[in-house]
Amino acid sequence: MPEHVPEQWSGAVDMDAAAPPFDRNPSAWSQRWPIAALAGVATLISSYMALFQWGLVPSAWDPVFGDGTETVLRSEESHRMYRFLFVPDAAFGAWGYLSEAVLGLVGSTRRWQLRPWLVLLFGLDVIPLGVVSAVLVVVQGVSIGSWCFLCLVTAAISLLLIVFAYDEVWASVKYLLRVWRHHRDWRLLLRTFCGIPSEEAHRLATVRE
């Protein structure tokens, strides 16, 4: 197992057990593979747009809005983001989606309990950044007066990733809250957050409240 599980637990830990408050395991591969696949598609799309912004490809494909994608990627707003980020905004997006794909694949199917820090890091990558990405695409379209088909596709993927990811994040948060409510021990809470096993926390993993 990628996470460290004490020997005395190894025969008793169901790696696919449901994670309260859900009746399913939100860390299951059946849920995480689609996240990685969607993030991978978004990485490729964003990389393609970044190559256009760098001038490495001559045009940006847009089957719906004509030259809308090129207009948005060449806009003053995109240049302003470049001056702020020191890389094209599409390249920054590609890096973000790639990190989501990697974080979605790391860890076992019990990581909501055994690696809460990893799940919360994954959530911080997917949820706030996904919302910001989708909002920026809409704001850009309204302010520029042109719409970018590829940008809209990546924004839609961002929203789908939030839908797929939120329950695993919430399961980890609820687990940490149970540990805190039952023990009121900051050291135990920190150890649990960092993935250091303890009997006290383990007993609360599947408790429903």
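Residues numbered from 1 in each chain as written. Predicted model: local features only at pLDDT ≥ 70, side-chain atom pairs only at ≥ 80, totals over all residues. Heavy atoms only, no water.

Colleague: Explain the nonpolar core to me, and be specific about the residues and the numbers.
Modeller: Ranked by size, the top nonpolar core spans 16 residues in total, and within it Met49, Phe52, Leu73, Cys148, Leu150 and Cys151 carry the most contacts. Of all the secondary structure elements, the ones that give two or more residues to this core are α1 (29–53), α2 (68–73), α4 (89–105), α6 (116–144) and α7 (149–183). A total of 4 residues in this core trace back to one element, the largest contributor, which is α1. Contact partners of Phe52, with chain neighbours within four places excluded, come to Val57, Pro58, Ser59, Ala60, Glu70, Leu73 and Arg74. Counting 13 residues, the second largest nonpolar core, distinct from the first, contains Ala39, Ala101, Val126 and Ile162. (Core = buried A, V, L, I, M, F, W, Y, C linked by side-chain atoms within 4.5 Å. Buried < 20%, exposed > 50% of the residue type's maximum accessible area, 1.4 Å probe, protein only. Helix = DSSP H or I, 4+ residues; strand = E, 2+ residues; numbered from the N terminus. Contact = heavy atoms within 4.5 Å.)

Colleague: Quick one: what's the story with the state of the cysteines, residue by residue and with numbers?
Modeller: Summed over the entire model, instances satisfying the criterion amount to 1 disulfide. Paired through a disulfide, Cys148 and Cys151 show a sulfur-sulfur distance of 2.3 Å. With the S-S bond torsion at 75 degrees, the cross-link from Cys148 to Cys151 turns out right-handed. Taking relative accessible area as the criterion, Cys151 reaches 7% and is therefore assigned buried. (Disulfide = S-S within 2.5 Å.)

Colleague: Hey, could you go over unusual backbone geometry for me, with residue numbers and the actual values?
Modeller: The step from Pro20 to Pro21 runs through a cis peptide bond, and the omega angle for that step is 10 degrees. Tracing the chain through its elements places Pro21 in the segment before α1. The phi dihedral of Arg184 is positive, around 50 degrees, even though this residue is not glycine. Mapped onto the secondary structure, Arg184 falls in the loop between α7 and α8 (186–194).

Colleague: Any details on empty space enclosed by the protein? Residues and values, ideally.
Modeller: Tallied over the full model, the rule gives 2 cavities of 30 Å³ or more. There is about 70 Å³ of room inside the largest cavity. Lining the largest cavity are 11 residues, with Gln113, Leu114, Tyr175, Ile196 and Pro197 sitting closest to its centre. Breaking the lining of the largest cavity down by element, the ones donating at least two residues are α5 (111–114) and α9 (199–202). (1 Å grid on protein atoms, 1.4 Å probe; cavity = no way out; pocket = protein on both sides within 12 Å on 5 of 7 lines; lining within 4 Å. Points joined across faces, edges and corners; volume = space filled by probe spheres on them.)

Colleague: Help me get a handle on a nonpolar patch on the surface, residues and values and all.
Modeller: A cluster of nonpolar side chains, Val64, Phe65, Val138, Val142, Trp147 and Leu152, forms an exposed patch at the surface whose accessible area comes to about 500 Å². Mapped onto the elements of the fold, Phe65 is located in the loop between α1 and α2. By relative accessible area, Phe65 is classed as partly exposed at 33%. (Patch = residues over 30% accessible without salt bridge, like charges linked within 9 Å, V, L, I, M, F, W, Y side chains within 5 Å. Areas by Shrake-Rupley, 256 points an atom, 1.4 Å probe, with all protein chains shown as cover. Salt bridge = Lys/Arg side-chain N within 4 Å of Asp/Glu carboxyl O.)

Colleague: Please provide a residue-by-residue account of the pattern of salt bridges, values included.
Modeller: Overall, the coordinates contain 4 salt bridges when judged by the stated rule. Residue Arg74 pairs with Glu70 through a salt bridge whose shortest N-O separation is 3.6 Å.

Colleague: So what's going on with the packing of aromatic side chains? Which residues, and what values?
Modeller: Under the defined criterion, the tally for this structure stands at 5 aromatic pairs. Aromatic side chains Phe22 and Tyr166 sit 6.3 Å apart centroid to centroid with 85 degrees between the ring planes, which places their arrangement in the edge-to-face category. Taken as a pair, Phe22 in the segment before α1 and Tyr166 in helix α7 lie far apart in primary sequence, 144 residues in all. Classification of Phe22 by relative accessible area gives buried; the value is 10%. A cation sits over an aromatic face here: Arg111 above Phe122, 5.1 Å from the ring centre. (Phe/Tyr/Trp six-rings, centres within 6.5 Å; stacked < 30°, edge-to-face > 60°. Lys NZ or Arg CZ within 6 Å of the ring centre and 35° of its normal.)

Distances and angles like these do not, on their own, reveal function.
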